[in-house]
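# Observations on chain architecture
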Amino acid sequence: MTLFLEAMVARPLHHPPAPGGTNTAAQPATDFAAARRGLGRLGGFCARHPAAVITAWLLVLVAALAGRHLAAPTFSDQVSLPRTASHTGADLLATSMPEEGRPVGKVVFHTGSGAVAAQRSALERTLSDLRDLPHVTAVSAPVTSSDGRTAYTVVSFDEQLKNLGHDYTVRLDKATGPARTAGLGVAYGGDLDQVVRAPADDKLSEGIGVVTALVILLLAFGSVLAALLPLITALIGVGVGLGIVGIVAATLSFATSATTLAGMIGLGVGIDYALFLTTRFRQDLIDGRDPADAAARTAHTSGRAVLVAAVTVAVAMLSLYACGLTFIGKIGFAATLAVVVTAAAALTLVPAALGLVGSRIDRFRLRRPVAEGKGADDGRNRYADLVARRPWTFLAAGVVVLGVCSLPLLSMRLGHVDAGADRRGSSTRTAYDWIAHADGQGFGVGANGPIDTVVDISGATAPVDRITRDMTTALRTTHGVAALTPVRASADGRILVTTLTPTTGPQDAATGDLLATLSGRTLPKALHGTGAKAYLTGTVAGQADFRDTVGERLPIVIGIVLLLAFLLLMTVFRSLVIPLKAVALNLCTTAASYGVLVAVFQWGWGDSLLGLSEPVPIESYVPMMMFAIVFGLSMDYEIFLLSRIAESWHRTGDNRLAVGEGLSATARVISAAAFIMTAVFLSFTASPTVVVKMLALGLAISVIVDATVVRLILVPSAMFLIGRANWWIPRRLDRVLPRLHA
């Protein structure tokens, strides 16, 4: 993935050849003096002082991890959506009925035989102990199911639950001890999932990814040290990056998946950056350069590629702030921190390690080591010739593959993955199932996602009794409403409140339809002409507003990302066709990965392999996150391949020869990097967090599709067919565009 810009690291891209094929630009080479400036000078210094640089990084690693531990970071998936109906309703509740607007959670009790009420004494002690907990303001009387085997109490807090921390679970367990001692099962549901759900521990996933990457490196390049060096330096960089993310999270709360996502992307790009540098260093040694000079030249050439690659990924991730949702923007910010740190490690720690091992880098080998492709491999040349002879066949085959993968996208349903998809046996899943499988008022699957209806009557022109009657009748007769609490008026007379229970679960599509029906038809019709206005609020309503907001703003993020891609490629390659093709193929790659996500998670194809017990909707913000990440990663492959093609085009003026040479020269490195990145991402599908599973699988599919179907099939076949028009650009535009030196 971060095999970025071969041409943006060593030589400027000039105007295309003249129509006759004459080369209008000289072909300057990176010389010794150039390698002693900028990044070359930095890399040379690190290579000459490896012990000091490596020691400094190890000290920074220790400091970052210690700082993370001392900072006590906080993570939460709580989202604030000002100016939405759910937010307005919550504000009205907090103002007029503070006791109704406080954060709440459910403590659920269950017995396999008999009735919960039979343990009345233990239950009363438990409720008393819950009332005595810090930040608890009220504990409701138990709500009991029809058969008496399940009951729950609603606990209200004066503090946002995310701020209580996971350690608060110990207090909850102690308070519910009497019930457990009496033989009752106890589980925590509702918004208490923010407390009891342990932070994800993805060390196993990271270990699997690292081992798999090592195997791929050994098979692809044959050298033990050359395979170990990218892994070790990447792990150090990721460790520092995650430490910094943790420190920042102490003041800027991130989503619970932010650390895992930052680690996943940081590990992938860290290995890739180090691989790019190590491969160039080994090629320079093979070409006869001195190790110190090779390290400096590597930093000057490939180091600039790494720098531009990191900036590209960072810009793509930070573009998530354009959606206007800080929750999503902060996830991108966490990933950006990890990428920036791993890039810094690649530009300093990797040259130091290369300087330390020097010419001994290939001492331990499994076979004859290989480095960068030079376009001379017969197998890769034969493949390039085959594509050149049958471009329409390859183009059609690639389009068919992407089209088939993209078809499920047409039925994508965004939503929120509820506790029903949590791991079986977990407290949140147990509480969800106990409530869902019980009968009676306040039970059933819909009771896991009640919907509060808040009616603002401060400007009402009709009698309150009439408003109450009409609203109650309308809600009771609405399809999908299982139960409704009596309408309550606030003490200040400004609002009316009722809580309804849907017939379906929080993540069910029918619940989303019910919300749309209530807000779009039922309530406006019932309140028409009264001057009152209704708002749906609560967790489920807030999640629906979040989904709709993300859906509305996704085109903005996509537009920004595609515009950046177009401008960058147009400036680098002095062409209008190449960036247009790149934008179109980027959309195709994303559509294919979206389609696979729908088939696996929403349709349930292979969900058991991912540890899921049921199909789930696509988490609302996953498509937006994926698009930004995939753009940043795929641009590396795009420019790495096209820059090699451009080098040959400027040298020969022969489009067919240029495409063939570029494809032959980059096939090995692109394939190895893609398989490493895919392995790292796939290893994170073992995460217990469903959102992480989605992102991991989606990114893995995106990378492998982009590096194989797109870069090795569609790009060359399309360029063979388009011919010299690939390099067309209006003369006036060419004159005003800046020159990017490589």
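Values in this document were obtained by computation on a predicted structure and should not be read as measured data. (Residues numbered from 1 in each chain as written. Predicted model: local features only at pLDDT ≥ 70, side-chain atom pairs only at ≥ 80, totals over all residues. Heavy atoms only, no water.)

With that out of the way, let us pick up the side chain of asparagine 655. Note that asparagine 655 resides in helix 23 (residues 655-683). Setting aside chain neighbours within four positions, we find asparagine 655 in contact with Trp649, Met719, Phe720, Gly723, Arg724, Asn726 and Trp727. (Helix = DSSP H or I, 4+ residues; strand = E, 2+ residues; numbered from the N terminus. Contact = heavy atoms within 4.5 Å.)

Right, let's talk about a nonpolar patch on the surface for a bit. On the surface, a cluster of nonpolar side chains totalling about 430 Å² of accessible area is made up of Leu307, Val311, Val315, Ile556, Ile560 and Leu564. Of all the secondary-structure elements, those providing two or more residues to the nonpolar patch are helix 13 (291-318) and helix 20 (539-573). By secondary structure assignment, the location of leucine 307 is in helix 13. (Patch = residues over 30% accessible without salt bridge, like charges linked within 9 Å, V, L, I, M, F, W, Y side chains within 5 Å. Areas by Shrake-Rupley, 256 points an atom, 1.4 Å probe, with all protein chains shown as cover. Salt bridge = Lys/Arg side-chain N within 4 Å of Asp/Glu carboxyl O.)

Looking now at the nonpolar core. Counting residues in each nonpolar core, the largest one holds 152 residues, and the members touching the most others are Tyr273, Ile328, Phe601 and Met625. Among residues more than four places away in sequence, those in contact with isoleucine 328 are Leu320, Cys323, Phe546, Val550, Tyr621, Met624 and Met625. With 24 residues, the next largest nonpolar core counts Leu127, Leu161, Tyr168 and Leu184 among its residues. (Core = buried A, V, L, I, M, F, W, Y, C linked by side-chain atoms within 4.5 Å. Buried < 20%, exposed > 50% of the residue type's maximum accessible area, 1.4 Å probe, protein only.)

Right, let's talk about the packing of helix 16 (residues 391-406) against helix 24 (residues 690-722) for a bit. Closest axis-to-axis distance for the helix 16/helix 24 pair is 8 Å, and the angle between their directions is 145 degrees. Our pair here, helix 16 against helix 24, has a crossing hand that is left-handed. Counted together, Pro391, Trp392, Phe394, Leu395, Gly398, Val399, Val401 and Leu402 of helix 16 and Val705, Val709, Val710, Ile713, Leu714, Ser717, Phe720 and Leu721 of helix 24 form the full contact between these two elements. When the residues that make up the contact of helix 16 with helix 24 are grouped by side-chain class, the tally is 14 nonpolar, two polar and no charged. (Axes fitted to C-alpha atoms, helices over the stretch in contact; angles between N-to-C directions. Left-handed = near helix turned anticlockwise from the far one by under 90°. Nonpolar A, V, L, I, M, F, W, Y, C, P; charged D, E, K, R; others polar.)

Quick look at the packing of aromatic side chains now. The tally for this structure, following the rule as stated, stands at eight aromatic pairs. Measuring from ring centre to ring centre gives 5.3 Å for phenylalanine 327 and tyrosine 621, while their planes differ by 80 degrees; the resulting arrangement is edge-to-face. Placement of the pair is phenylalanine 327 in helix 14 (residues 326-357) and tyrosine 621 in the loop between strand 12 (618-619) and helix 22 (622-652), with a sequence separation of 294 residues. Across the pair, tyrosine 621 and phenylalanine 327 agree in class, each one buried. Relative to tyrosine 621, the ring of phenylalanine 546 lies with its centre 6.3 Å away and its plane at 70 degrees, an arrangement referred to as edge-to-face. A residue pair is termed long-range when its members are at least 10 positions apart, and phenylalanine 546 in helix 20 and tyrosine 621 in the loop between strand 12 and helix 22 qualify at 75 residues. (Phe/Tyr/Trp six-rings, centres within 6.5 Å; stacked < 30°, edge-to-face > 60°.)

Attention shifts here to helix 14. For helix 14, spanning 32 residues, the distance from its first C-alpha to its last is 45 Å, which sits close to the expected 46 Å at 1.5 Å a residue. Approximately 35 degrees is the largest bend angle found in helix 14, and it occurs at alanine 346. Here helix 14 lies mainly inside the structure; 26 of its 32 residues are buried. Glycine 358 sits one or two positions beyond helix 14 and adopts a positive phi of about 55 degrees. (Expected span 1.5 Å × (residues − 1). Bend = angle between axes of the 7 residues up to and from the residue.)

A water-sized probe, rolled over the atoms, reveals where empty space remains. Applying the stated criterion across every chain, the model contains four cavities of 30 Å³ or more. Leu217, Phe221, Ser223, Ala226, Ala227, Leu275, Thr278, Thr279 and Arg282 together form the lining of the second largest cavity. Within the residue set of the lining of the second largest cavity, elements represented by two or more residues are helix 10 (203-221), helix 11 (224-249) and helix 12 (258-286). If one sorts the elements of the lining of the second largest cavity by residue count, helix 12 sits on top with four residues. Residue composition of the lining of the second largest cavity, by class: five nonpolar, three polar and one charged. (1 Å grid on protein atoms, 1.4 Å probe; cavity = no way out; pocket = protein on both sides within 12 Å on 5 of 7 lines; lining within 4 Å. Points joined across faces, edges and corners; volume = space filled by probe spheres on them.)

An α-helix turns once every 3.6 residues. As a result, residues three or four positions apart point the same way. Counting buried positions along helix 17 (residues 427-437) yields eight of eleven residues, so the element is predominantly enclosed. Where helix 17 is concerned, the buried positions are Thr428, Arg429, Ala431, Tyr432, Asp433, Trp434, Ile435 and Ala436.

As a further point, take the state of the cysteines. By the definition in use, this model includes zero disulfides. The thiol sulfur of cysteine 405 is not disulfide-bonded, and the nearest other cysteine sulfur, from cysteine 588, lies at 11 Å. (Disulfide = S-S within 2.5 Å.)

Moving on, we come to the pattern of salt bridges. On inspection of all chains with the given rule, the structure shows nine salt bridges. As a salt-bridge pair, aspartate 422 and arginine 197 come within 2.6 Å of each other at their nearest N and O atoms. Of this pair, aspartate 422 sits in the loop between strand 6 (414-415) and helix 17 while arginine 197 sits in the loop between helix 9 (193-196) and helix 10, placing them 225 residues apart in sequence. Aspartate 470 serves as the salt-bridge partner of arginine 466, at 3.5 Å between the closest nitrogen and oxygen.

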